[in-house]
Amino acid sequence: MHADIQPLGGHRCGLGESPLWHPTEQQLYAVDIPGRQVLRWRDGAESPEVWPQEAEPGCIAALDGGGLLVARRDGLWRLDTRSGAQTRLAPPPYDAARLRFNDGKVGPDGRFWVGSISDAREPEAALYRRVAGGFEVQQSGLTTVNGLAWSPDGRLIHWSDTKQHRIYVAEYDSAAGRLASAPRVFAQFAAREPDQPYGGRPDGAAMDAEGAYWVAMFEGACVLRLSREGQVLQRVELPVQCPTMVCFGAQDLRTLYITTAREKRPADELARQPLAGAVLQLRVDVPGLPSTLTQA
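The structure reproduced in this document is the subject of the present report. For clarity, every value in this text was computed on a predicted model and none was experimentally measured.

### Quick word on the overall build of the chain
Per the secondary structure count, the chain includes one helix and 25 strands. The C-alpha radius of gyration of the chain comes to 17 Å, within 12% of the 19 Å expected for a compact globule of 296 residues. Dimensions along the principal axes, computed over C-alpha positions, put the chain at roughly 45 × 45 × 40 Å. Looking at the 296 residues of the chain, the share that counts as buried comes to 57%. Total accessible area computed for the chain in this model is approximately 12100 Å², and 47% of it derives from carbon and sulfur atoms. Side-chain charges in the chain split into 32 positive and 36 negative, and the spacing between the mean points of these groups amounts to 2 Å.

### Describing the layout of surface pockets
Quantified by volume, the largest pocket comes out at close to 660 Å³. Only β10 (99-106) and β19 (201-207) provide two or more residues apiece to the lining of the largest pocket. Across the lining of the largest pocket, the residue classes break down as six nonpolar, six polar and 13 charged. Considering the residues around the second largest pocket, the lining is formed by 28 residues, among which Lys 105, Val 106, Leu 289, Pro 290 and Ser 291 are closest to the centre. Mapped onto the lining of the second largest pocket, the elements with two or more residues apiece are β2 (16-21), β6 (57-62), β10, β14 (145-150), β19 and β23 (243-249).

### Thoughts on the sheet that holds strand β12 (residues 125-131)
Spatially, the four strands line up as an open sheet ordered β10-β11-β12-β13, and their pairing is antiparallel. Since the sheet does not close on itself, it has two edges, and those belong to β10 and β13 (134-142), each with one partner. On average, each strand axis in the sheet is tilted by 25° relative to the strand beside it, whichever way the strands run. Here β12 pairs with β13 via six bridges, running antiparallel. Bridging across to β13, Val 131 finds its partner in Gly 134.

### Remarks on the packing of aromatic side chains
Taken as a whole, this structure holds 12 aromatic pairs when the rule is applied. Taking 5.9 Å as the distance between ring centres and 10° as the angle between the ring planes, the aromatic pair formed by Trp 21 and Tyr 257 counts as stacked. With Trp 21 in strand β2 and Tyr 257 in strand β24 (residues 255-260), this residue pair connects regions lying 236 residues apart in the sequence. With relative accessibility at 10%, the residue Trp 21 sits in the buried group. A ring pair is formed by Phe 101 and Phe 135, whose centres lie 5.1 Å apart and whose planes are at 55°; its orientation type is tilted. Taken together, the positions of Phe 101 in strand β10 and Phe 135 in strand β13 put the pair 34 residues apart, joining distant regions of the chain. In this structure Phe 101 comes out as buried when scored by relative accessible area, which is 0%. For Phe 135, a relative accessible area of 15% gives the class buried. Connected via pairs of aromatic rings, a cluster forms that spans Tyr 94, Phe 101, Tyr 128 and Phe 135. Directly above the aromatic system of Trp 77 lies the positively charged group of Arg 72, at a separation of 4.0 Å from the ring centroid.

### A closer look at the pattern of salt bridges
Scanning all chains against the criterion turns up 22 salt bridges. Between Arg 178 and Glu 136 there is a salt bridge, with its nearest N and O atoms 2.8 Å apart. Residue Arg 178 is found in strand β17 (residues 178-179), and its partner Glu 136 is found in strand β13; the two are separated by 42 residues along the sequence. Between Asp 268 and Arg 272 there is a salt bridge, with the nearest N and O atoms lying 3.6 Å from each other. Of this pair, Asp 268 and Arg 272 both sit in helix α1 (residues 267-272), separated by four residues, roughly a single helical turn. In the salt-bridge network here, residues are joined through shared partners; they are Arg 192, Arg 201, Glu 219, Arg 265 and Glu 269.

### Describing the environment of Pro 123
Here Pro 123 is to be found in the loop between β11 (112-118) and β12. On the basis of relative accessible area, Pro 123 is assigned to the exposed category, the value being 53%. If we ignore the near neighbours within four places in the chain, the residues touching Pro 123 are Gly 141, Leu 142 and Thr 143.

Conventions we followed
Residues numbered from 1 in each chain as written. Predicted model: local features only at pLDDT ≥ 70, side-chain atom pairs only at ≥ 80, totals over all residues. Heavy atoms only, no water. Helix = DSSP H or I, 4+ residues; strand = E, 2+ residues; numbered from the N terminus. Rg over C-alpha atoms; globule rule 2.2 N^0.38 Å. Buried < 20%, exposed > 50% of the residue type's maximum accessible area, 1.4 Å probe, protein only. Areas by Shrake-Rupley, 256 points an atom, 1.4 Å probe, with all protein chains shown as cover. Lys, Arg positive; Asp, Glu negative; His and termini not counted. Charge placed at Lys NZ, Arg CZ, Asp CG, Glu CD. 1 Å grid on protein atoms, 1.4 Å probe; cavity = no way out; pocket = protein on both sides within 12 Å on 5 of 7 lines; lining within 4 Å. Points joined across faces, edges and corners; volume = space filled by probe spheres on them. Nonpolar A, V, L, I, M, F, W, Y, C, P; charged D, E, K, R; others polar. Pairing = 2+ DSSP bridges. Axes fitted to C-alpha atoms, helices over the stretch in contact; angles between N-to-C directions. Phe/Tyr/Trp six-rings, centres within 6.5 Å; stacked < 30°, edge-to-face > 60°. Lys NZ or Arg CZ within 6 Å of the ring centre and 35° of its normal. Salt bridge = Lys/Arg side-chain N within 4 Å of Asp/Glu carboxyl O. Contact = heavy atoms within 4.5 Å.

In short, geometric facts, not functional conclusions.
See below:
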């Protein structure tokens, strides 16, 4: 375990996800998916502010002018963090009885991209781009979309299919806001095998200023820093089995925040890992890329 890893207060999520360092507020947000909550930690507060949600929130994004986009099972919503008002902007582009929104992020061009997850873990999920009035499929045939991140120059887009233990990369046309090439495999990890060590599967991710891709390895108890070619540059051991996503924050973007999960984990594991469900934080040498604002 990295000696300097610390929890952010005493709060624990069932399944923490989508950590977001707000670029103008300079505050940390996240969601608890099964807890149906959007969370904000103000200036290192012990406990977060909470905005309850009526459906599972998969991810959030910062809006230009204030507030958040919240991608929930039941569609895309705007959350006014000052008044608490919530307004639905678009219905879900899928059957909400079978799928929900999962990981999402704003590209360097200001466009919001989001993936879905199949409750049945079947290849019926997709990667979407937000367009006027709704969403447009950019890649289909996926099971669990995660790990969205763009290269520092905005010319490459990455995402993962967690169930397939695979991370993809494709050329990105920022002028058109579209994929400019067919995706190729960026990194492939070994699936679980009986009686074999298991390194986990790629979940949420973030890009640093050198173009290295930091990915949380769910059930792998670690975060990996991958090179531009998909090779492991660094492995950060964690005191929890299930990290879910990372983001860079603090004024210098050199604090790595890591959301984690405790939902559906064995009781003996949780007894050994009291930080399961916490947001973890540690200082890193290379800063991350700032989050981009998007329009409502």
